[in-house]
Amino acid sequence: MDLTSRFNTHFRDAIALFEQCATELSAPTAAAAEALFLALSSNCKILACGNGGSAADAQHFVAELVGRFERERLPLAAVALNTDTAILTAVSNDYGYEDVFARQVNALGQPGDVLVAISTSGNSPSIVRAVEAAQEREMVVIALTGRGGGRLRGMLSPHDFHLCVPHDRTMRIQEVHSLLVHLLCDGIDAQLLGDA
Ligand SMILES: O=C(CO)[C@@H](O)[C@H](O)[C@H](O)[C@H](O)COP(=O)(O)O
Ligand SMILES: [Zn+2]
């Protein structure tokens, strides 16, 4: 097995996708970063959720906001909904896994808050329900998806933001999501602290 050649193909596929995303996603990601800054400036908060690798992305995003990204600044109001094992197990056990994030959105979400919903397929029921709950609570939704956006595509309103990676492979989509998380952090800090 020629792993070197295999990995070379991965690098080239990732480079081509990042090139395409630079063209297609820079503007919508800038708009999403502006919405996040506006919410934080209005004393609203950010909730983030995802499953599996996307759960890690949601935690990563929130850690950059509550801790810091590249520059010193005040901590920012953000919560990852996929981190508290007592809540995750209780809600899954008592209501079903589909409600695991929606229940927390209903507990914490206020009008003007932002839900960052991360799903490579756009079809995970727990994420779909979280988005429904956020919309019922008049929150703004920023959806990071792939594969055309799945069910989430048809649910988003003109006030929401859809960052859909134009690829069908989960690993490739997640690689771009990881960059998008950093761009959103960079965009918030640039608006807070100026260009650096
Ligand atoms: O990271 C990976 C695969 O690369 C997995 O853990 C993956 O995130 C899980 O299968 C998720 O449950 C997929 O959910 P979603 O992205 O379709 O919402
Ligand atoms: Zn993964």
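Residues numbered from 1 in each chain as written. Chains lettered and ligands numbered in written order. Predicted model: local features only at pLDDT ≥ 70, side-chain atom pairs only at ≥ 80, totals over all residues.

With an unreviewed UniProt entry as reference, the chain is termed Phosphoheptose isomerase, source organism Verticiella sediminum. Database annotation for the chain, UniProt heading Pathway (unreviewed entry): "Carbohydrate biosynthesis; D-glycero-D-manno-heptose 7-phosphate biosynthesis; D-glycero-alpha-D-manno-heptose 7-phosphate and D-glycero-beta-D-manno-heptose 7-phosphate from sedoheptulose 7-phosphate: step 1/1." (UniProt positions renumbered as here; feature names shortened; annotations may be inferred.)

A. Seen up close, the overall build of the chain. From N to C terminus, the chain includes 7 helices and 5 strands. In the chain, the order of α-helices and β-strands from amino to carboxyl end is α-β-α-β-α-α-β-α-β-α-β-α. Since a compact globule built from 196 residues should have a radius of gyration of about 16 Å, the 17 Å found for the chain is in line with a globular shape. Projected onto its principal axes, the C-alpha positions of the chain cover 50 × 45 × 30 Å. Residues classed as buried in the chain amount to 41% of the 196 residues present. Considering only residue pairs separated by 6 or more positions, the chain has 70% of its internal contacts joining residues 24 or more positions apart. (Helix = DSSP H or I, 4+ residues; strand = E, 2+ residues; numbered from the N terminus. Rg over C-alpha atoms; globule rule 2.2 N^0.38 Å. Buried ≥ 20, exposed ≤ 12 C-beta atoms within 10 Å, placed from the backbone. Contact = placed C-beta atoms within 7 Å.)

B. View of the confidence of the model for the chain. Of the residues in the chain, 100% have a pLDDT of 70 or more, and the chain-wide mean is 98. Confidence metrics for the complex model read pTM 0.98 and ipTM 0.99. (pLDDT = per-residue confidence, 0-100.)

C. Broad picture of the pairing of strand 3 (residues 114-118). Counting buried residues along strand 3, 5 of its 5 residues qualify, which places the element largely inside the surrounding structure. Across the two faces of strand 3 the burial is the same, with V114, V116 and I118 and L115 and A117 all buried. In terms of strand pairing, strand 1 (residues 46-50) meets strand 3 through 5 bridges, oriented parallel. Pairing of G50 across the sheet is with I118, part of strand 3. (Pairing = 2+ DSSP bridges.)

D. Molecular detail of the sheet that holds strand 3. Spatial strand order, 2-1-3-4-5: 5 strands in an open sheet with parallel pairing. The open sheet has two edge strands with one neighbour each: strand 2 (78-80) and strand 5 (161-165). Taken over all neighbouring pairs, the strand axes of this sheet differ in orientation by 15° on average, direction set aside. Set on the sheet, helix 5 (residues 125-136) makes contact with strand 1, strand 3 and strand 4 (140-146); between it and strand 3 the angle comes to about 165°. (Axes fitted to C-alpha atoms, helices over the stretch in contact; angles between N-to-C directions.)

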